[in-house]
Amino acid sequence: MPLKPQPAYPTVPIPGALPGDGDPFTLPQGAFRLLVSGSPEPSSPALVSWLAARAEQVVAVDSGATACRRADVVPDLLLGDLDSVPDEVRSWCASQGVAEKTTNWDKDETDLELALDFLEEETPADFTAVTCGTGGRLDQLLASLGSVASHPRQAPVLVEDGMLALVLCAGGRRSAVRLADVGCVAGTTFSVIGLMGRARVTEKGTRWDVESKVFPALSNQGVSNYVVDPGQAQVSVEEGIALLVLPRTGW
């Protein structure tokens, strides 16, 4: 079997590419709101700052306020039970005039779930970006995936230093993605993971094309495919919900 080709990205800077090391992916087109969540291993200040500068609204979700403070990003809203927000950070938010929406700590929902619920009630943007939402704790990672998957109307996008991931929902606001539109080239690695039961997935222009294949939730069947024909490469979901994951490591 021939070796997998190494992606050949342009040597000139790509407008709108995510900052930092790794493959130069781009966000989907459109206006978005940013949720800065509170994972134990947050995204870099450079990424938080870059996303915030492009977002229509920035919501710090509980200890996501600390990530905003480190990035010198003043959020529009601080939301959550605030049990993990240091006093110094909360005082800084108050000094910057940041509005607060506090919740009771004695609750079933995570603060990220409540933040997504809050945006669900707002006039929708083209998508919701979530950063600082997946690092450091397996339980919180799985809960974060469940939360974004249960809000397909917001076409959620997870953005971390090491990956870009898009929720695809059959019949939802984003059910398909042309991989070139988010910066993929020949050789770019991607994975598709079924969420919330099962997903029926079609992949074209790839090393291992599939047609209406069922991916059970969290199965390994869609891991580590790669782009062959960037002009035709596309992932679509005809049933259920799936996560398209683009690792920025390249391999």
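Above this text sits the structure in question.
Residues numbered from 1 in each chain as written. Predicted model: local features only at pLDDT ≥ 70, side-chain atom pairs only at ≥ 80, totals over all residues. Heavy atoms only, no water.

Caption draft 1: A look at the overall build of the protein chain. Within the protein chain, the secondary structure is distributed over five helices and 12 strands. Against the globule reference of 18 Å for 251 residues, the protein chain gives a C-alpha radius of gyration of 18 Å, in line with a compact fold. Judged by the C-alpha coordinates and their principal axes, the protein chain covers about 60 × 40 × 30 Å. By the burial criterion, 51% of the 251 residues in the protein chain qualify as buried. Summarising the internal contacts of the protein chain: among those between residues at least 6 apart in sequence, 66% fall at separations of at least 24. The averaged location of the 32 negative side-chain charges in the protein chain is 6 Å from the averaged location of its 19 positive side-chain charges. (Helix = DSSP H or I, 4+ residues; strand = E, 2+ residues; numbered from the N terminus. Rg over C-alpha atoms; globule rule 2.2 N^0.38 Å. Buried < 20%, exposed > 50% of the residue type's maximum accessible area, 1.4 Å probe, protein only. Contact = heavy atoms within 4.5 Å. Lys, Arg positive; Asp, Glu negative; His and termini not counted. Charge placed at Lys NZ, Arg CZ, Asp CG, Glu CD.)

Caption draft 2: Examining the layout of surface pockets more closely. The computed volume of the largest pocket comes to approximately 390 Å³. Along the wall of the largest pocket there are 22 residues; nearest its centre are Gly38, Thr110, Asp111, Leu112 and Gln140. Mapped by element, the contributors of at least two residues to the lining of the largest pocket are helix 4 (111-120) and helix 5 (138-149). Broken down by element, the lining of the largest pocket gets its largest block of residues, five residues, from helix 5. Residues of the lining of the largest pocket, tallied by class, amount to four nonpolar, 10 polar and eight charged. By volume, the second largest pocket amounts to about 190 Å³. As for the second largest pocket, its lining consists of Thr134, Leu141, Leu145, Leu158, Met163, Ala165, Ile193, Leu195, Leu218, Ser219, Leu243 and Val245. Those elements giving two or more residues to the lining of the second largest pocket turn out to be helix 5, strand 7 (163-169), strand 9 (189-204) and strand 12 (234-247). (1 Å grid on protein atoms, 1.4 Å probe; cavity = no way out; pocket = protein on both sides within 12 Å on 5 of 7 lines; lining within 4 Å. Points joined across faces, edges and corners; volume = space filled by probe spheres on them. Nonpolar A, V, L, I, M, F, W, Y, C, P; charged D, E, K, R; others polar.)

Caption draft 3: Structural detail: the pattern of salt bridges. Throughout the structure, instances matching the rule amount to seven salt bridges. The salt bridge involving Glu100 is made with Arg90; its shortest N-O contact spans 2.9 Å. Residue Glu100 is located in strand 4 (residues 99-102), and its partner Arg90 is located in helix 3 (residues 87-95); the two are separated by 10 residues in the primary sequence. Residue classification places Glu100 among the partly exposed residues on the basis of a relative accessible area of 37%. We note a salt bridge from Glu120 to Arg153, for which the minimum N-O separation is 3.3 Å. In this pair, Glu120 sits in helix 4 while Arg153 sits in the loop between helix 5 and strand 6 (157-160), placing the two residues 33 residues apart along the sequence. When its relative accessible area of 25% is taken as the criterion, Glu120 is described as partly exposed. The exposure class of Arg153 is partly exposed, given its relative accessible area of 36%. What emerges from the salt-bridge pattern is a single network uniting Arg198, Arg200 and Glu239. (Salt bridge = Lys/Arg side-chain N within 4 Å of Asp/Glu carboxyl O.)

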